[in-house]
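Observations on chain architecture
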Amino acid sequence: MTSLSIAEAAEQTGLTAHTLRYYERDGLMLRSVERASSGHRRYTDEDLRWIEMVTRLRATGMPIRDVRRYAALVREGAGNEDERLALLLAHRQTVEQQLAEVTSHLRAIDHKIAIYEHTVRPAS
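About the criteria used
Residues numbered from 1 in each chain as written. Predicted model: local features only at pLDDT ≥ 70, side-chain atom pairs only at ≥ 80, totals over all residues. Heavy atoms only, no water. Helix = DSSP H or I, 4+ residues; strand = E, 2+ residues; numbered from the N terminus. Expected span 1.5 Å × (residues − 1). Buried < 20%, exposed > 50% of the residue type's maximum accessible area, 1.4 Å probe, protein only. Contact = heavy atoms within 4.5 Å. Core = buried A, V, L, I, M, F, W, Y, C linked by side-chain atoms within 4.5 Å. Salt bridge = Lys/Arg side-chain N within 4 Å of Asp/Glu carboxyl O. UniProt positions renumbered as here; feature names shortened; annotations may be inferred.

1. Focus: helix α5 (residues 81–120)
- Taking 1.5 Å of rise per residue, the 40 residues of α5 would be expected to cover 58 Å, and the 56 Å separating its terminal C-alpha atoms lies within 8% of that figure.
- Looking at α5, one finds that the buried residues are R84, L87 and H91.
- Packing partners of the buried residues in α5 comprise α3 (45–59) and α4 (64–76).

2. Some thoughts on the nonpolar core
- Grouped together as the largest cluster of nonpolar side chains are 22 residues, with contacts concentrated most on L20, Y23, Y43 and I51.
- Elements supplying a minimum of two residues to this core: α1 (6–13), α2 (17–25), α3 and α4.
- Here this core gets five residues from one element, more than from any other, and that element is α3.

3. With respect to the pattern of salt bridges
- Overall, the coordinates contain seven salt bridges when judged by the stated rule.
- Residue R31 is joined to D47 by a salt bridge in which the shortest nitrogen-to-oxygen separation is 3.2 Å. Remark: D47 occurs in helix α3 and R31 occurs in the loop between α2 and β1 (34–35); sequence separation between them is 16 residues.
- Here D47 falls in the buried class, since its relative accessible area comes to 3%.

4. Details of the UniProt feature "domain: HTH merR-type" (unreviewed entry) in the protein
- When the UniProt feature table is mapped onto this chain, "domain: HTH merR-type" (unreviewed entry) is found at residues 3–73.
- Counting secondary structure, residues 3–73 comes out at 59% helix and 6% strand; the distance between its end C-alpha atoms is 25 Å.

Quick look at the structure:
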């Protein structure tokens, strides 16, 4: 079982120690991070997997309030899976809409690139 310091967990997750403390303080973690006898935080594999999920939800635009709600539902345990599913399905729909918009923007950029490539490198 992994037991990482906050600096090691920050390095492994690509987040700052400040962000990891914030996740814990703001109720985004599943549980309080264990502490060594010295009082320093010790992150487990489970903590790291959860941090990865939170990071993915945030990176795809899920609001903190929704991440906090999702974490609270998971902490509550079995019996609320329908609410968890609804939250994730709603977020998935938002992400799909964003992806479609970005794809449309990419097509417009590709169109302009094709025009300039034809101008810069005309067909022989």
